[in-house]
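Summary of the model geometry
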Amino acid sequence: RRVLATSVVQAERLRRIIEMLLFLARADADARMPGLEEVHLTRWLSDLLAESWSGHPRFANLQVEAPVNGSIMIFAQPSLLGHALDNLLDNAFKYSDSGSPVCIEIVREPDAVVIVVEDRGRGIAAEDIDRVFDPFFRGSEVKRAGIGGVGLGLAVAARIVTAFGGRIGVKGRPGGGSRFVVRFPCQPVRGNP
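Before going into details, it helps to say that this report is about the structure given with it. (Residues numbered from 1 in each chain as written. Predicted model: local features only at pLDDT ≥ 70, side-chain atom pairs only at ≥ 80, totals over all residues. Heavy atoms only, no water.)

1. Considering the overall build of the protein chain
- In terms of helices and strands, the protein chain carries 5 helices and 7 strands.
- Reading the protein chain from its N terminus to its C terminus gives the helix and strand order α-β-α-β-β-α-β-β-α-α-β-β.
- Counting over 193 residues, the protein chain shows a buried share of 44%.
- Partitioning the intrachain contacts of the protein chain with sequence separation of at least 6 by distance along the chain shows that 74% fall at a separation of at least 24. (Helix = DSSP H or I, 4+ residues; strand = E, 2+ residues; numbered from the N terminus. Buried < 20%, exposed > 50% of the residue type's maximum accessible area, 1.4 Å probe, protein only. Contact = heavy atoms within 4.5 Å.)

2. What to know about the pattern of salt bridges
- For the coordinates displayed, the defined rule picks out 3 salt bridges.
- A salt bridge links D134 to R131; the shortest N-O distance between them is 3.6 Å.
- Under the relative-accessibility criterion, R131 is labelled partly exposed at 41%. (Salt bridge = Lys/Arg side-chain N within 4 Å of Asp/Glu carboxyl O.)

3. Quick word on the packing of helix α2 (residues 41-53) against helix α3 (residues 78-94)
- Two elements in contact, α2 and α3, have axes separated by 11 Å at closest approach and are oriented at 60°. One finds that α2 runs oblique with respect to α3. Seen along the crossing, α2 lies across α3 with a hand that is right-handed. When α2 is examined against α3, the residues L41, W44, L45, L48, L49, S52 and W53 are found in contact with a partner set consisting of P78, L81, G82, L85, D86, L89, D90 and F93.
- The residue makeup of the contact of α2 with α3, split by class, is 11 nonpolar, 2 polar and 2 charged. (Axes fitted to C-alpha atoms, helices over the stretch in contact; angles between N-to-C directions. Parallel < 35°, antiparallel > 145°, perpendicular 65-115°, else oblique. Left-handed = near helix turned anticlockwise from the far one by under 90°. Nonpolar A, V, L, I, M, F, W, Y, C, P; charged D, E, K, R; others polar.)

4. A short note on the packing of aromatic side chains
- Under the counting rule described, the total for this entry stands at 2 aromatic pairs.
- Between the aromatic rings of W53 and F93, the centroid separation amounts to 5.6 Å while the plane-to-plane angle is 45°, which identifies the pairing as tilted. Here the residue W53 occupies a position in helix α2, and F93 occupies one in helix α3, the gap between them amounting to 40 residues.
- With relative accessibility at 6%, the residue W53 sits in the buried group.
- The buried category is assigned to F93, whose relative accessible area is 6%.
- On the basis of an interplanar angle of 85° and a centroid distance of 6.1 Å, the ring pair of F133 and F180 is categorised as edge-to-face. With F133 in the loop between β5 (112-119) and α4 (140-145) and F180 in strand β7 (residues 178-185), the pair connects residues that are 47 residues apart, well separated along the chain. We note that F133, like F180, is buried. (Phe/Tyr/Trp six-rings, centres within 6.5 Å; stacked < 30°, edge-to-face > 60°.)

5. Side note on empty space enclosed by the protein
- Considering all chains together, one arrives at 1 cavity of 30 Å³ or more under this definition.
- In this structure, the largest cavity spans a volume of roughly 50 Å³.
- In terms of lining, the largest cavity is formed by W44, L81, A84, L85, L88, I115, V161 and V182.
- Per element, the largest residue contribution to the lining of the largest cavity is 4 residues, and it comes from α3.
- Taken together, the residues of the lining of the largest cavity sort by class into 8 nonpolar, no polar and no charged. (1 Å grid on protein atoms, 1.4 Å probe; cavity = no way out; pocket = protein on both sides within 12 Å on 5 of 7 lines; lining within 4 Å. Points joined across faces, edges and corners; volume = space filled by probe spheres on them.)

6. What about α2?
- For α2, the complete set of buried residues consists of L41, W44, L45, L48, L49 and W53. One side of α2 holds all its buried residues, which, seen down the axis, span an arc of 130°.
- The inward-facing, buried residues of α2 abut β1 (37-40), β2 (62-65), β3 (73-76), α3, β4 (102-108) and β5. (Arc of directions from axis to C-beta.)

Rendered as structure tokens:
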């Protein structure tokens with residue numbers, strides 16, 4: 001039973017890696033995703049966190065700052081946008097200590113809609129900042145610490161954000177955490193949410 005359970009876990013891990021590689025290959029071939037729809041971010045985020053993260057051991061560490069009133073909307077595919085945010089949250093939990101907060105913030109700026117994911121973990125070395133979105137890149141400190149992963153999550157998140165017309169960036173300092181900032185161009189609100 002133990003061998004079978006281990007095999008199932010490894011097979012699922014390989015399946016996720018293959019899906020990410022296929023996504024990267026397709027994303028490189030397509031400039032933009034077809035079938036975009038209006039996503040009202042506050043409502044969407046609440047649903048995503050309830051469905052995907054409420055059972056996570058560190059769910060209590062998650063802090064959300066989003067406007068209660070008003071509509072903050074972008075055009076995206078909700079499932080792919082969820083995959084991008086899941087990858088950012090997975091990294092934030094993986095590279096920060098249990099009990100430390102992981103914050104998600106949604107902000108509307110004059111020319112952009114911004115989603116921020118911030119942790120207070122180990123941070124990113126200055127020499128690694130420019131490469132964190134490269135497929136298969138893993139920082140030397142992360143490798144030394146023995147933290148699992150293959151270096152595809154952030155590359156996939158970046159491709160998804162770009163496909164929706166957005167940009168993603170990161171700021172961090174060793175020992176001080178990381179702040180991932182996703183910017184989408186503002187869209188006019190069509191009617192009531």
